[in-house]
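Residue-level structure breakdown
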Amino acid sequence: MGTRLWRVLAHAFAHNPVLMLAAALVVVQVLASVFAPLIAPYDPVAQAVESRLAAPSAEFWLGTDKLGRDVLSRILHGYQSSLGIAFSAVLAALLFGGTLGIWAGFKGGWVDRVIMRLADVLFAFPIILLAIGVIAILGTNATSTVIAIAVVYAPIFARLMRGPTLVLRSADYVHAARSFGSGDLRIVVWHIMPNLASVILVQASLSLSTAILLEASLSFLGIGSQPPAPSLGRMLSEGRDYIFIAPWACIFSGFAILLASLGFNLLGDGLRDRLDPRLRGID
Amino acid sequence: MGKLIVRRLLDLGGVLLGVSVLVFLMIRLIPGDAAQVMLGASGDASESQVEQLRQQLGLNDPLPVQYYHWISAMARGDFGVSIWTGKPVLEDIAERIGVTAELTILSLLLAVLLSIPAGVLMAYFRGGASDFVLRVVTITGVTMPGFWLGALLIFGWAIWFPNWQTLGSVPPFTEQPWAHLQRMFLPTLTCALPVIASLARIMRSAMIDALSQDYIRTARSKGLNEWTVTFKHALRNSLIPYVTALGIMAGYLFSGAIVVEQVFAIPGLGRLMLGAIADRNYPLIQTSILVVTCSFVVINAIIDLLYRVIDKRAGASV
């Protein structure tokens, strides 16, 4: 099963321009965020009053902000914090929501009803209000941003995992495995989870795209990670104050958020076309 | 149909109950003593003040008793008072929610108006290079951060239309309708753009799906012209997935409106709630979340039910 998924993916990437573009965007940005401390030309928090609001130049490729901090270095470090928060949040949502979803689908009955009703209730909240509620409880910092985003996405993964599990648990080969004495855990790990890999891949990628936007919105609103940590959303919010004197800080930080979100969205969208048999032939 | 309505109402009641329990638990989930935390923002509070607030919020009772008091107070119209001003929170919310709701509704209208023709056109010109371009363009629209687009629009408008007021207070519609709409135009556009892009994509897929059905072939073979086939037969049937998506999009638009308000300095619900977080004004946050979420749940349920009553096919697939 695993090798077949890899083969489908390799073929898809080699023949699809959208996926190639997406992969290029994602790889470059993930590398930039991981190696930010090595490749950033300046210290992202070092202030240099003499070069405040400097326009893009050979010295400062993307200019400087109102405190003379290098915009490029801040964007690279901002990637690290934005992608880091989005990855952690989506991973937490996948582990927590996905496990509950598989459990609900596998057990059925009242376990299923309780878990899925809880997911329905979480779905009822407009996302920003759910995030604001969690942050109001936990305070404004990076950890509560991760938890807030995870709470928003957990019900999506729960719903997503439940459906296929419900179908698979009565598949012939699962009955066969059970008749050979396999326990619940073994059946879930060896016979059900491999079949969910492609669904997880698609949804995780799409969720990362929107999680990046949500993280940026929260730090833009001032309720995400707090200064002095560089954050793309907060950079944009600060840059807005002097957009008419030095538009670069605002323009480039927003462009960075767009590119990060765009890469994962194109990736998820392209993968969905390849991996979801129901969609083949439609797009 | 009667059975369907009863089941939907039971579902609705369940979700509303769940939402109220979660919102109720919010204050109780604050790490440490909620009353202490709330008063902490104002500096040093005496033990008796903390105890008084604890009494006022009813935090000393067992949880089910607290919930009962909370719910029954709201049933009497008492949604709590703001900790600092003592003003009923519902008044604060009522003052601010109007402009946020207006922004949400205007953007929804704009999104519907533009996304249907855009989706139909995209379905019509499908295949080949235009697919690649359209996909990249629409996904860029979907992932466009609203606060960035808003900032760029303010920047651009100041250069191209220097006389156009883009920031500051919103003149009331009843007094200056033109100035009001002009002031709401950029925020509406900013809120609507990502939703236009995603709705257009949904419309496109639904249209392509509908156009490949047998009844379309039948309609064509009867000699109906392409216009009638596209707009009377295919479009009507593509609206089912489209309308389903609208409910979700309304929630997104509202979330977007909270952020876009900050960009355009519009004093709406977003600004009120952010202030409340900074002040640790929990009753205000709690009531705002509860009121808005319940409104969304009820409106969505009504639209869903109406749609199922009107459209037999959607009703059949419950």
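Provided above is the structure to which this section pertains.
Here's what I pulled together on the structure shown here.

1. Remarks on the overall build of chain A
The number of helices and strands found in chain A is 11 helices and zero strands. Going residue by residue from the N terminus, the α and β elements of chain A occur as α-α-α-α-α-α-α-α-α-α-α. In terms of overall dimensions, chain A has C-alpha extents of about 75 × 45 × 35 Å along its principal axes. Here the contacts in chain A between residues at least 6 apart in sequence split such that 70% fall between residues at least 24 apart.

2. Observations concerning the packing of helix α4 (residues 71-107) of chain A against helix α5 (residues 109-124) of chain A
Residues and elements named next belong to chain A. Orientation of α4 relative to α5, taken along the N-to-C sense of each, is 145 degrees, at an axis distance of 7 Å. Seen along the crossing, α4 lies across α5 with a hand that is left-handed. On α5, the residues that touch L100, W103, A104, G105 and K107 of α4 are G109, V111, D112, I115 and M116. Of the residues contributing to the contact of α4 with α5, the split by class is six nonpolar, two polar and two charged.

3. Comments concerning helix α8 (residues 172-179) of chain A
Quick reminder: α-helices carry 3.6 residues per turn. Residues three or four places apart thus point the same way. By the criterion of burial, α8(A) is predominantly exposed, with just zero of the eight residues buried. Following α8(A) by one or two positions, A:G181 has its phi on the positive side, about 95 degrees.

4. Focus on unusual backbone geometry
Residue and element names in this part refer to chain B. The phi dihedral of A265 falls on the positive side, at around 50 degrees, and the residue is not glycine. You can see A265 is positioned in the loop between α10 (226-263) and α11 (269-279). For A265, a count of 14 C-beta atoms within 10 Å puts it in the partly exposed group. Phi at R280 takes a positive value of approximately 55 degrees, unusual for a residue other than glycine. If you trace the backbone, R280 turns up in the loop between α11 and α12 (282-310).

5. Focus on helix α5 (residues 89-124) of chain B
Between its first and last C-alpha atoms α5(B) spans 51 Å; for 36 residues at 1.5 Å apiece the expected length is 52 Å, and the two agree. Of all the bends found along α5(B), the most pronounced is centred on B:I97 and spans about 40 degrees.

6. Considering the nonpolar core
All names here are of chain A. Ranked by internal contacts, the top residues of the largest apolar core, which has 160 residues, are A89, A131, I149 and Y153. Among the elements that line this core, the one with the most residues is α4, at 16 residues. Aside from chain neighbours lying at most four places away, what touches A89 is V146, I149, A150, Y153 and A211.

Conventions we followed
Residues numbered from 1 in each chain as written. Chains lettered and ligands numbered in written order. Predicted model: local features only at pLDDT ≥ 70, side-chain atom pairs only at ≥ 80, totals over all residues. Helix = DSSP H or I, 4+ residues; strand = E, 2+ residues; numbered from the N terminus. Contact = placed C-beta atoms within 7 Å. Axes fitted to C-alpha atoms, helices over the stretch in contact; angles between N-to-C directions. Left-handed = near helix turned anticlockwise from the far one by under 90°. Nonpolar A, V, L, I, M, F, W, Y, C, P; charged D, E, K, R; others polar. Buried ≥ 20, exposed ≤ 12 C-beta atoms within 10 Å, placed from the backbone. Expected span 1.5 Å × (residues − 1). Bend = angle between axes of the 7 residues up to and from the residue. Core = buried A, V, L, I, M, F, W, Y, C linked by C-beta atoms within 7 Å.

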